[in-house]
Amino acid sequence: MTFDSLPDLALRTLGGTVMAASDESFAAKENLINPGPAGFREQTFGAKGQEYDGWETRRRRSPGHDWAIVRLGLPGVIRGVVVDTAWFKGNYPPQAMVEACTAEGYPSAGELTGWTEIVPKSRLTGDAARGFAVADERRFTHVRLNIFPDGGVARLRVHGAVVPDPRLLTGLTVDLAALANGAAVVGCSDMFYSSPTNLIMPGLARHQAEGWETARRRDEGNDWVILRLAGPGVVELAELDTANLRYNAPGEARIRGADARTAPLEDDAAWFDVLPRTRLQPDTAHRFRLDAGRPMTHARVDIYPDGGLARVRLRGSLTADGERDLVSRWRARR
């Protein structure tokens, strides 16, 4: 079972942190939320034995079990959890269970309470990723991975839908296209080399693979991506970043907006220009002041003819309706 279409809310690059663990004698707890698959090099021994790209505890000689607590980088509704024991073959835990909780502010691991089981105690196998669907509709901020009784886990993935805290967005100028604020990619023409969700990730892209890049076009068309904004809002500044894309940046780009509350997105007449077709440079952060003035719920970024973008930022403010919708969604998940 996979959940690749949903963001990993625990990922280190999204701000996730492994706050505490019962033990990490053989391999560090922080590896659990590293981006990318776990690696392995045979016959690589340190002072503690074979080195693993994961979290590994000592062999238990007393009652109990091991655990690790993760603060999600992006709080939200959890749809699925993946426990991956890649490369752990004779030292994996035979069972695991996952709990979650919600906390205000920034408590320490020892102050967290109200844990709820979201994945029951389940069987694991060695060197394999096992996915578990989660049905709980509440918003969570932390998860706790419990392994029975001990062993190694390479990666923990916590996939779901971001539910931002409206107190951090209402009344402010914010990035309406940010994943952290609840925006999402809802369509694209091509994602041959990398996912379009990278466009709305926090921070800067460190290399080409951390942006969105399409295959080379051999026809007369162009590539595009559609973003659902954090909520209905007015965009005042657009940022199109081609960082690291030196020989494969688009020649031009265009941004259009639409308000799905008043017309279906499938209707081409619903879309209006936010940024006209504009020339882009390679490896450059472009910023454009806009004067759209119209509320929008979605944005469409067209690139000509193909290529890649590292990040898209659409800065503006939520409308009054948008703020009310955001508060309503947040309260419904508590």
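Residues numbered from 1 in each chain as written. Predicted model: local features only at pLDDT ≥ 70, side-chain atom pairs only at ≥ 80, totals over all residues. Heavy atoms only, no water.

Glancing now at the overall build of the protein. Secondary structure summary: the protein contains one helix and 21 strands in total. Computed over the C-alpha atoms, the radius of gyration of the protein is 22 Å, within 12% of the 20 Å expected from 2.2 N^0.38 for a compact globule of 334 residues. Projected onto its principal axes, the C-alpha positions of the protein cover 65 × 45 × 30 Å. Expressed as a percentage of its 334 residues, the buried residues of the protein come to 53%. (Helix = DSSP H or I, 4+ residues; strand = E, 2+ residues; numbered from the N terminus. Rg over C-alpha atoms; globule rule 2.2 N^0.38 Å. Buried < 20%, exposed > 50% of the residue type's maximum accessible area, 1.4 Å probe, protein only.)

What follows is about the UniProt feature "domain: Allantoicase" (unreviewed entry) in the protein. What UniProt calls "domain: Allantoicase" (unreviewed entry) maps, in this numbering, to residues 15–162 and 182–317. Between the end C-alpha atoms of residues 15–162 the distance is 13 Å, and the span holds 0% helix and 47% strand. (UniProt positions renumbered as here; feature names shortened; annotations may be inferred.)

Let's shift gears to helix α1 (residues 320–332). Taking 1.5 Å of rise per residue, 13 residues should cover 18 Å, and α1 covers 19 Å from first to last C-alpha, within 8% of that figure. Of the positions making up α1, those classed as buried are G322, L326 and W330. Along the long axis of α1, the arc covered by the buried residues comes to 70°, so they all point the same way. For α1, exposure combined with an orientation more than 90 degrees from the buried face picks out R324, R331 and A332. (Expected span 1.5 Å × (residues − 1). Arc of directions from axis to C-beta.)

Under the defined criterion, the tally for this structure stands at 28 salt bridges. Note that E99 is salt-bridged to R144, the shortest N-O span being 2.9 Å. Remark: R144 occurs in strand β9 (residues 139–148) and E99 occurs in strand β6 (residues 95–101); sequence separation between them is 45 residues. A relative accessible area of 13% means that E99 is categorised as buried. Each of E104, D165, R167 and R334 takes part in salt bridges that share partners, so that together they form one network. (Salt bridge = Lys/Arg side-chain N within 4 Å of Asp/Glu carboxyl O.)

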